Amino acid sequence: ALPICQERFPASPYLAQFQADMLADQGHADEAAAEYERLMREHPDLSELRYSLGLLREKREEWETASEAFRQQLAAYPLDERAAAHLSRCMLRLEQYSAVKDFIESRMRSEHPPQWASLNLADAEQKLGHQDAAIRILVEAERELNPDKLVHYRLMHLYTISGRTADAKREYALFQAASRK
């Protein structure tokens, strides 16, 4: 099917993007990155290019270049929560904890903040030495419908290092129950 598409649509940027995605999936990261970058120069309107390049860079633990790709994606598509989640994760890996707080706090103002934002903000707060703030954030996340088991796990860890053994045991039980689902 691919040769037929290449013959019928030789100049299709969508087909070229698909081929770059296939290169990335097959482990040809350098070739895929070069193709994404070429497509970004020639067809900057393609919506997934920057995000795909960011994922590729993130997978290779190239945190700076991944961050830049996700920032570009967010500049073009400010509501892309996937890019925001990945950008915050890259910023954590780069130990940019204050920047993570600044980036995520606006997303935390919604009535139901995304769990990735709660988890990453709590991580940043903990790394900044604000364990009580990290606990408060995760307790709020725990009140959401179907909290991720990581919320319980992270709370268990924070309670343990804070010496709150009873709370840690309770979170461990919640984590175990959530893991069986």
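Residues numbered from 1 in each chain as written. Predicted model: local features only at pLDDT ≥ 70, side-chain atom pairs only at ≥ 80, totals over all residues. Heavy atoms only, no water.

In terms of regular secondary structure, the chain is built from 11 helices and zero strands. Helices and strands appear in the chain in the N-to-C order α-α-α-α-α-α-α-α-α-α-α. The C-alpha radius of gyration of the chain comes to 20 Å, more than 25% above the 16 Å expected for a compact globule of 181 residues. Taking the principal axes of its C-alpha atoms as reference, the chain extends roughly 65 × 35 × 30 Å. Considering the chain as a whole, with its 181 residues, one finds that 43% of them fall into the buried category. Look at the contacts in the chain between residues 6 or more apart in sequence, and 42% of them connect residues 24 or more apart. Accessible surface computed for the chain: about 10500 Å², of which carbon and sulfur atoms make up 52%. Mean positive and mean negative side-chain charge positions of the chain (24 and 30 charges, respectively) differ by 5 Å. (Helix = DSSP H or I, 4+ residues; strand = E, 2+ residues; numbered from the N terminus. Rg over C-alpha atoms; globule rule 2.2 N^0.38 Å. Buried < 20%, exposed > 50% of the residue type's maximum accessible area, 1.4 Å probe, protein only. Contact = heavy atoms within 4.5 Å. Areas by Shrake-Rupley, 256 points an atom, 1.4 Å probe, with all protein chains shown as cover. Lys, Arg positive; Asp, Glu negative; His and termini not counted. Charge placed at Lys NZ, Arg CZ, Asp CG, Glu CD.)

Our next topic: the environment of Ala75. Within the element layout of this structure, Ala75 appears in helix 5 (residues 63-76). On the basis of relative accessibility, which here comes to 63%, the residue Ala75 falls in the exposed class. Considering only alpha carbons, one finds Ala75 and Glu48, 27 residues apart in sequence, at a separation of 13 Å.

A few words now on the nonpolar core. In this structure, Phe70, Phe103, Ile104, Leu138 and Leu155 are the most contacted members of the largest nonpolar core, which totals 34 residues. Elements with a contribution of two residues or more to this core: helix 5, helix 6 (81-93), helix 7 (97-105), helix 8 (115-127), helix 9 (131-142) and helix 10 (149-161). Of all the elements, helix 6 adds the most residues to this core, at seven residues. (Core = buried A, V, L, I, M, F, W, Y, C linked by side-chain atoms within 4.5 Å.)

Before going further, it helps to examine the packing of helix 10 against helix 11 (residues 165-180). Packing of helix 10 against helix 11 brings their axes to within 8 Å, and their N-to-C directions diverge by 160°. Judged by the angle between their axes, helix 10 and helix 11 are roughly antiparallel. For the crossing formed where helix 10 meets helix 11, the hand is left-handed. In this structure, helix 10 uses Lys149, His152, Tyr153, Leu155, Met156, Tyr159 and Thr160 to contact helix 11, whose residues at the interface are Asp167, Ala168, Arg170, Glu171, Tyr172, Leu174, Phe175, Ala178 and Ser179. Looking at the contact of helix 10 with helix 11, its residues break down into nine nonpolar, three polar and four charged. (Axes fitted to C-alpha atoms, helices over the stretch in contact; angles between N-to-C directions. Parallel < 35°, antiparallel > 145°, perpendicular 65-115°, else oblique. Left-handed = near helix turned anticlockwise from the far one by under 90°. Nonpolar A, V, L, I, M, F, W, Y, C, P; charged D, E, K, R; others polar.)

Attention now goes to the packing of aromatic side chains. Inspection of the entire model under this criterion finds two aromatic pairs. Ring geometry for Tyr51 against Phe70: centres 5.9 Å apart, planes inclined by 55°, an arrangement best described as tilted. Note that Tyr51 is positioned in helix 4 (residues 49-59) and Phe70 in helix 5, a separation of 19 residues in sequence. Here the basic side chain of Arg82 rests over the ring of Tyr51, its NZ or CZ set 3.9 Å away from the ring centre. A cation over an aromatic ring shows up here: Arg107 above the ring of Phe103, its NZ or CZ 4.8 Å from the ring centre. (Phe/Tyr/Trp six-rings, centres within 6.5 Å; stacked < 30°, edge-to-face > 60°. Lys NZ or Arg CZ within 6 Å of the ring centre and 35° of its normal.)

Glancing now at unusual backbone geometry. The phi torsion at Glu61 lies on the positive side, around 60°, for a residue other than glycine. Backbone geometry at Asn146 places phi at a positive 50°, although glycine is not the residue there.

Right, let's talk about the packing of helix 4 against helix 5 for a bit. Packing of helix 4 against helix 5 leaves a shortest axis separation of 8 Å and a crossing angle of 165°. When the axes of helix 4 and helix 5 are compared, the pair comes out roughly antiparallel. Helix-helix and strand crossings are classified by hand; for helix 4 and helix 5 the assignment is left-handed. Residue-level contacts link Arg50, Tyr51, Leu53, Gly54, Leu55, Arg57 and Glu58 of helix 4 to Trp63, Thr65, Ala66, Ala69, Phe70, Gln72 and Gln73 of helix 5. When its residues are assigned to classes, the contact of helix 4 with helix 5 shows seven nonpolar, four polar and three charged.

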